[in-house]
Amino acid sequence: MFKITVLCALMYSVASSADRLHFEVELKNVKKLSRFWTNTGFCPPAPTDDSSSLAEFFLSEKSMLNLEYISALPNNGLKSVRIHWLINLIKFVGLDDHHGFQYDFTNLDKVLDRLTEMRLYPVIEFMGNPSNRFFNQKNFSQTHLWRDLVYQMLSRYIQRYGLSSIKKWKFETWNEPDLRQYNTLNYTLVDYEDYIHGVREGLDNASVTYNNHRFLLYGPAGLFKNTETHHLCWGIIDKCNSNLSLCPFDLISYHRKGEGKAADITDATLDLLLNNIYVKFPNLKTMKISNSEADPTTGWSKPLPMNADVRYAVTLVNIVLLHWNAKYHNILPTLDSISHDNAFISYHPYEFYQRTLLALFQLNNTNPIETQFIEKPVYAAIGMLGNLGAFAGDLNNNSENGTMALWTVSHPNESLFLCGIIAAESKLMNDRWKVVDVNVAMIVTDYKYDDAEKYVGLIEYLEGNVTDPVSLWKSFGKPSYPNAAERQIMRKSQGPHILKTASIHRNNSHLSLHFNAIIQQPWIISIRICGEHQPKPSQPKNLRIRKVNDNEVVLFWKEKFTKSRCTKNFEIFFSPENWNKKWINLTAKQHVPFLSYHFAPDVNKSITVRGQYKVRGVDVFDRKGKFSSIEIF
């Protein structure tokens, strides 16, 4: 194993006083960093039991555009989407000659086709009641009904998308089955056990048919409150503890949210697992675990000021870092993943204030309805997490300077890639908008670099009141539908922004980087150091153009995943219609770090959105990658 020592000194000066604060991070005993946070989820609005209404919502322009943005986070920033009530898109048709259920999967096909096009993977919750046919089926047990439905679904989609794609899907049992709002079939514990074993048997039957691949099942996706009112979750894991070999789950999933702070979630998780489940059911200690709703607060639609600005971004990053800390120190050694329920679509008048990644502005008096999304800082924060490397050291949680920091590196046999992310702790965020002087000095030691190789450092940041589109929206008077100029100004504030591209100084076996900045709390800083032997940006693929209105489009594309991401920016070139293939760089002097670009030409100019488009990546050395294929709009 290799060792890299990163020495950082941070200085804060507030008004006339100044304190020099230090922290040191030694990247030894690094461990492989699994990307356990790349999951999101949401629930469609009521009615959730009608296939046609659900399909109308899922396939609406706003729903699809919301998912396109989620897919546009770099390096698979988010890749799995957990959606309630997907099963209710299926319609019951009738019984076949062998008295088996026949279904119409058309609506579900349409939704999954679009997700597949975006390279997003669904988390299929086996939760629903197609055409309300699972009530009082005296001739069919719950085991039979679910075994047959699950097998039909997997068989259909393996044939439609291929086994290699379905292997990347996740499967989970009924969401929070002890709550009446979800347990629409009024399961008793016996019924619930029959249902779960039916799901397991359906997955296993598909496994036998298709190459014996085991399809992992997450569950019971419960809150695990008191045993009297949450008897389904406690009852099923009691059965698992009695005989692990007969347990239908491969991973134990649970829900633990917070009360506004990142530490609330890890503290609640440790209390649930260490002090409750593992004490009562010690045989479950070996099973992997997943918090499929690890949100800082309950109630996604409840408008909260912190959801609107950099505070939510900092909190989400700290949730990820604290879970890594628990994994690294073997406090939660079996942690498989966490998911955030933040893929919802906000609504008026709380465009920024609900627990979402984007703020929606919708003009309803157009045909079709015009949909505009603005990226919130939390969206940018997830994009910054996507740059983390393959191996990570211990979390630096420094109470003196009020920061959390995580440093990651590339494989020791590869060219140097170092990525760190530093975020203000929750307690600092109570003192919002305080201006601080952040002075960072980094020294990388004990790394055998190539004398002929050049190194460059890139610093990006999110800053309170600066990379906050909501502050601009408030300055405009909180319009229900901002005009084109206001939207353009808000989009320019979307983060992350580049603080600077820093040169690296070498001295014997040392590499050093130094920068300072005046910045407002709360904030997040990302630092990447790249060696020149890292490959150039990959060629963008799957360029797609989505119409917003007659003079606005959004471009989306995909990039190849890399464990050492040195891409700094994307350039979008446009050849207007009838301009004889003259190419214009639309993004000159703009920072486009993610895989999307909203193009809205100035209405005072003759240019329109009609024409040809192509995209390429640019790395920290300003090396250009290959252009994507040309797409015509």
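Our subject is the structure that appears above.
Residues numbered from 1 in each chain as written. Predicted model: local features only at pLDDT ≥ 70, side-chain atom pairs only at ≥ 80, totals over all residues. Heavy atoms only, no water.

Visitor: Explain the sheet that holds strand 13 (residues 335-338) to me, please; I cannot follow it from the model alone.
Guide: Each strand in a sheet pairs with another by means of backbone hydrogen bonds, the pair being arranged parallel or else antiparallel. Strands sit in the order 4-5-8-9-10-11-12-13 across an open sheet of eight strands; the sheet is parallel. In the strand order of this sheet, the two ends are held by strand 4 (39-42) and strand 13, each with one partner. Across this sheet, the average inter-strand angle for adjacent strands is 25°, counted without regard to direction. Pairing geometry for strand 8 (residues 121-125) and strand 9 (residues 170-172), over three bridges, is parallel. Its bridge partner lying in strand 9, Val123 is registered against Lys170. Its contacts with the sheet put helix 8 (residues 262-280) on strand 11 (251-255) and strand 12 (288-293), and the angle it makes with strand 12 is roughly 135°. (Pairing = 2+ DSSP bridges. Helix = DSSP H or I, 4+ residues; strand = E, 2+ residues; numbered from the N terminus. Axes fitted to C-alpha atoms, helices over the stretch in contact; angles between N-to-C directions. Contact = heavy atoms within 4.5 Å.)

Visitor: Can you help me understand the environment of Pro45 in this one?
Guide: Looking at where Pro45 falls in the secondary structure, it is placed in the loop between strand 4 and helix 1 (51-58). Overall, Pro45 belongs to the partly exposed group, its relative accessible area being 44%. (Buried < 20%, exposed > 50% of the residue type's maximum accessible area, 1.4 Å probe, protein only.)

Visitor: Looking at this structure, how should I read the pattern of salt bridges?
Guide: If the charged atoms of two oppositely charged side chains come close together, the side chains can form a pair. Using the criterion set out here, one finds 28 salt bridges in the structure. Across the pair Arg82 and Glu125 runs a salt bridge whose closest N-O atoms are separated by 2.9 Å. Highlighted residues: Arg82 in strand 5 (residues 80-83) and Glu125 in strand 8, separated in sequence by 43 residues. Pair check on accessibility: Arg82 and Glu125 agree, each one buried. Glu293 serves as the salt-bridge partner of Lys257, at 3.3 Å between the closest nitrogen and oxygen. Here Lys257, found in the loop between strand 11 and helix 8, pairs with Glu293, found in strand 12; they are 36 residues apart in sequence, far enough to count as distant. (Salt bridge = Lys/Arg side-chain N within 4 Å of Asp/Glu carboxyl O.)

Visitor: I'm lost on the nonpolar core in this one. Help?
Guide: When a protein is soluble and globular, its nonpolar side chains tend to lie buried together. Ranked by internal contacts, the top residues of the largest apolar core, which has 156 residues, are Phe126, Phe171, Ile277, Ile524, Trp557 and Tyr613. Per element, the largest residue contribution to this core is 13 residues, and it comes from helix 9 (residues 310-328). Leu27, Val30, Trp407 and Ala502 belong to the second largest nonpolar core, which has 27 residues in total. (Core = buried A, V, L, I, M, F, W, Y, C linked by side-chain atoms within 4.5 Å.)

Visitor: How should the pairing of strand 11 be read in this particular structure?
Guide: Along a regular strand, successive side chains alternate from one face of the sheet to the other. Counting buried residues in strand 11 gives five out of five residues, a clear majority hidden from the surface. By the alternation rule, side chains of strand 11 split into Leu251, Ser253 and His255 and Ile252 and Tyr254, which are all buried. Once the chain exits strand 10 (residues 217-222) it traverses helix 7 (residues 231-242) before rejoining the sheet at strand 11, and the crossover so formed is right-handed. Where strand 11 lies against strand 12, five bridges are found, and the strand directions are parallel. Its bridge partner lying in strand 12, Leu251 is registered against Lys288. (Right-handed = clockwise from strand over helix to strand, strands pointing away.)

Visitor: Teacher, can you tell me more about the side chain of Lys558 here?
Guide: Mapping Lys558 onto the fold places it in strand 27 (residues 552-558). Here Lys558 is buried and forms no salt bridge, its nearest opposite-charge partner Glu68 lying at an N-O distance of 7.8 Å. At 2.8 Å, the side chain of Lys558 forms a polar contact with the backbone oxygen of Ser71. Non-local contacts of Lys558, meaning those with residues more than four positions away in its chain, are made with Ser71, Met118, Arg119, Pro540, Lys541, Asn542, Arg544 and Leu595. (Lys, Arg positive; Asp, Glu negative; His and termini not counted. Polar contact = N/O pair within 3.5 Å; in protein donor to acceptor, adjacent residues only side chain to side chain.)

Visitor: Would you explain the state of the cysteines in this entry?
Guide: What makes a disulfide is a covalent bond joining the sulfur atoms belonging to two cysteines. According to the stated counting rule, one finds two disulfides in the structure shown. Across the disulfide, Cys240 is cross-linked to Cys247 (sulfur-sulfur distance 2.1 Å). What sets the handedness of the Cys240 and Cys247 disulfide is the S-S torsion sign, and at about 70° it is right-handed. When the cysteines engaged in disulfides are numbered in sequence order, the protein chain pairs them as 1-2, 3-4. Summary of cysteine pairing: Cys233 is not part of a disulfide, and the nearest cysteine sulfur, belonging to Cys240, is at 11 Å. With a relative accessible area of 1%, Cys233 lands in the buried category. (Disulfide = S-S within 2.5 Å.)

Visitor: What is the right way to look at the packing of helix 4 (residues 142-161) against helix 6 (residues 189-209) in this model?
Guide: If you want to describe how two helices pack, look at the angle between their axes and the distance between the axes. Close contact between helix 4 and helix 6 brings their axes to 7 Å; oriented N to C, the two are set at 35°. The handedness of the crossing between helix 4 and helix 6 is right-handed. Here Gln142, Thr143, Trp146, Arg147, Val150, Tyr151 and Leu154 of helix 4 lie close against helix 6, whose contacting residues are Asp191, Asp194, Tyr195, Gly198, Val199, Glu201, Gly202, Leu203, Asn205, Ala206 and Thr209. Looking at side-chain class alone, the contact of helix 4 with helix 6 contains eight nonpolar, six polar and four charged residues. (Left-handed = near helix turned anticlockwise from the far one by under 90°. Nonpolar A, V, L, I, M, F, W, Y, C, P; charged D, E, K, R; others polar.)

Visitor: Even after reading the chapter, I still don't get the environment of Thr567, so can you show me in this structure?
Guide: Within the element layout of this structure, Thr567 appears in strand 28 (residues 567-576). We classify Thr567 as buried; its relative accessible area is 8%. Residues Thr567 and Arg623 lie 56 residues apart in sequence; the distance between their C-alpha atoms is 9.2 Å.

Visitor: In this structure, what is going on with the packing of helix 9 against helix 10 (residues 377-385)? I would like to understand it.
Guide: Their axes nearest at 7 Å, the elements helix 9 and helix 10 cross at an angle of 35°. Seen along the crossing, helix 9 lies across helix 10 with a hand that is right-handed. Each of Val310, Tyr312, Ala313, Leu316, Val317 and Val320 in helix 9 lies in contact with helix 10, whose residues at this interface are Pro377, Val378, Ala381, Ile382 and Leu385. Counted by class, the contact of helix 9 with helix 10 contains 11 nonpolar, no polar and no charged residues.

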